[in-house]
Amino acid sequence: PNGTAQFSDAYVLEVSSPTEALVSIVQRGKRGAEQGYCYKDVAMTVVQVVKDEAELDHRNFEHVGSVASSVRWITSCEVELKESGTYMVFPVSILNLDEDTSFTLTTWSSKKIAVRRQGMKDLHLLTTALHCMFMSHPLRKVDEPFENTKFVRISGERGYWYFATNVTKKTFRVQLDCSKSTGLVSNRGLKTDDAIPPGGSMVLMMLTADGLGHLKLTEKRNCELNDVEPYHTPALPETAHLHVVKGG
């Protein structure tokens, strides 16, 4: 099916028997496009709905596969769908929230897969699907600055995503500075300062390539545990639901 990489849409895959699959997001080609047309940054995550309930619920998700950041005509994710049942694909274009990123979603598999588009009444589904990706992505780098805290970085093909979680009784403050990086742009700015409440987790920053040139990541961070009230600097964007999950 065709679609746009907006937060209001997901895709449901109904799998009748176990199979390997290639899930791809195909953007409009450059041939015949208007002058200056460029491919958009695209990410996607694939989850399995592990409980059979009438209403889809974020607590039922299990990470299957994902692509953190890509800027190309076709972005693909190879997944192993080990069981028959329901899976979901969440495509996102992080830095192009004010415009449609048109694409076609394709699946290739040895067994039949039924695909349907589904709008999301609860945008928390997307948030938690992404958080599942941060906790399970094979290329994630995890540091534990303090007991029961995590600082996670995922390196994508053309970008970097940062995530933190706090399972302590104090506020977990994370200062992240990527301002010396080159060839990268951020959805929140290149310097952030976030105080995450007890039992909370959040996407700190999403960096993606500013074009097709050379990328250089320079990262500095400082972490503290204290008793300050939670805050976010800069303030979270309109897509704040994408960043914060309170209560773990």
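As the structure is a prediction and not an experimental result, all values here were calculated from the model.

Another point: the sheet that holds strand S13 (residues 171–177). In a beta sheet, neighbouring strands pair by backbone hydrogen bonds and run either parallel or antiparallel. Judged by pairing direction, the sheet is antiparallel, and its four strands sit side by side in the order S17-S13-S15-S18 without closing on themselves. Across the chains shown, the open sheet's two edge strands, defined by having one partner strand only, are strand S17 (220–226) and strand S18 (231–233). Strand-to-strand twist in this sheet, taken as the mean axis angle between neighbours without regard to direction, amounts to 10 degrees.

Turning to the sheet that holds strand S7 (residues 85–92), a few remarks are in order. Ordered in space as S5-S4-S7-S2-S9, the five strands form an open sheet in which the pairing is antiparallel. At either end of the open sheet lies a strand with only one pairing partner, and these are strand S5 (61–70) and strand S9 (113–119). Strand-to-strand twist of the sheet, defined as the mean angle between neighbouring strand axes without regard to direction, takes the value 20 degrees. Pairing geometry for strand S2 (residues 9–15) and S9, over seven bridges, is antiparallel. Across the sheet, residue Val 12 finds its bridge partner in S9, namely Arg 116.

In this model, Thr 233 is joined to Pro 234 through a cis peptide bond whose omega is -5 degrees. Position of Pro 234 among the secondary structure elements: in the loop between S18 and strand S19 (244–245). One non-glycine residue, Asn 148, adopts positive backbone phi at about 70 degrees. Examined against the element boundaries, Asn 148 turns out to sit in the loop between strand S10 (140–143) and strand S11 (149–156). The exposure class assigned to Asn 148 is partly exposed, which follows from its relative accessible area of 45%.

Turning our attention to the pattern of salt bridges. For the structure shown, the criterion picks out nine salt bridges. Put simply, Lys 150 and Glu 144 hold a salt bridge, and the shortest N to O gap is 3.8 Å. A salt bridge links Arg 188 to Asp 194, with the shortest nitrogen-to-oxygen separation between them at 3.0 Å. The same class applies to Arg 188 as to Asp 194, namely buried. Salt bridges linked by common partners bring Asp 143, Arg 153, Glu 219 and Arg 221 together as one network.

Before going further, it helps to examine the side chain of Ser 186. As for its placement among the helices and strands, Ser 186 is situated in strand S14 (residues 184–186). Since its relative accessible area comes to 18%, Ser 186 is described here as buried. In this structure the side chain of Ser 186 is engaged in a polar contact, spanning 3.0 Å, whose partner is the backbone nitrogen of Arg 188. From its side chain, Ser 186 meets the backbone oxygen of Gly 189 in a polar contact 2.8 Å long.

So, on to the pairing of S7. Within S7, seven of the eight residues are buried, leaving the element largely enclosed by the surrounding structure. Sheet topology places S2 next to S7; five bridges connect them, and they run antiparallel. Paired with Leu 13 across the strands is Tyr 87, a residue of S7.

Moving on, we get to the environment of Pro 197. Here Pro 197 shows up in the loop between strand S15 (191–196) and strand S16 (201–209). The exposure class assigned to Pro 197 is buried, which follows from its relative accessible area of 19%. Along the primary structure Pro 197 and Asn 166 are separated by 31 residues, whereas in three dimensions their C-alpha atoms are 7.1 Å apart. Not counting the four nearest positions on each side in its chain, Pro 197 is found in contact with Asn 166, Lys 170 and Pro 230.

This part covers the packing of aromatic side chains. Tallied over the entire structure, the rule returns five aromatic pairs. Taking the centre distance of 6.0 Å and the plane angle of 35 degrees together, the rings of Phe 134 and Trp 161 count as tilted. Of this pair, Phe 134 sits in helix H1 (residues 124–136) while Trp 161 is found in strand S12 (residues 159–166), placing the two residues 27 residues apart along the sequence. Take Phe 134: its relative accessible area is 0%, and that puts it in the buried class. Arranged with centres 5.8 Å apart and planes meeting at 45 degrees, the rings of Phe 151 and Tyr 162 form a pair that is tilted. Of this pair, Phe 151 sits in strand S11 while Tyr 162 is found in strand S12, placing the two residues 11 residues apart along the sequence. We classify Phe 151 as buried; its relative accessible area is 2%. Members of the aromatic cluster, joined through ring pairs, are Phe 134, Trp 161 and Phe 163. Taking NZ or CZ as reference, Arg 221 lies 4.2 Å from the ring centre of Phe 151, over its face.

Rules behind the numbers
- Residues numbered from 1 in each chain as written.
- Predicted model: local features only at pLDDT ≥ 70, side-chain atom pairs only at ≥ 80, totals over all residues.
- Heavy atoms only, no water.
- Pairing = 2+ DSSP bridges.
- Helix = DSSP H or I, 4+ residues; strand = E, 2+ residues; numbered from the N terminus.
- Axes fitted to C-alpha atoms, helices over the stretch in contact; angles between N-to-C directions.
- Buried < 20%, exposed > 50% of the residue type's maximum accessible area, 1.4 Å probe, protein only.
- Salt bridge = Lys/Arg side-chain N within 4 Å of Asp/Glu carboxyl O.
- Polar contact = N/O pair within 3.5 Å; in protein donor to acceptor, adjacent residues only side chain to side chain.
- Contact = heavy atoms within 4.5 Å.
- Phe/Tyr/Trp six-rings, centres within 6.5 Å; stacked < 30°, edge-to-face > 60°.
- Lys NZ or Arg CZ within 6 Å of the ring centre and 35° of its normal.

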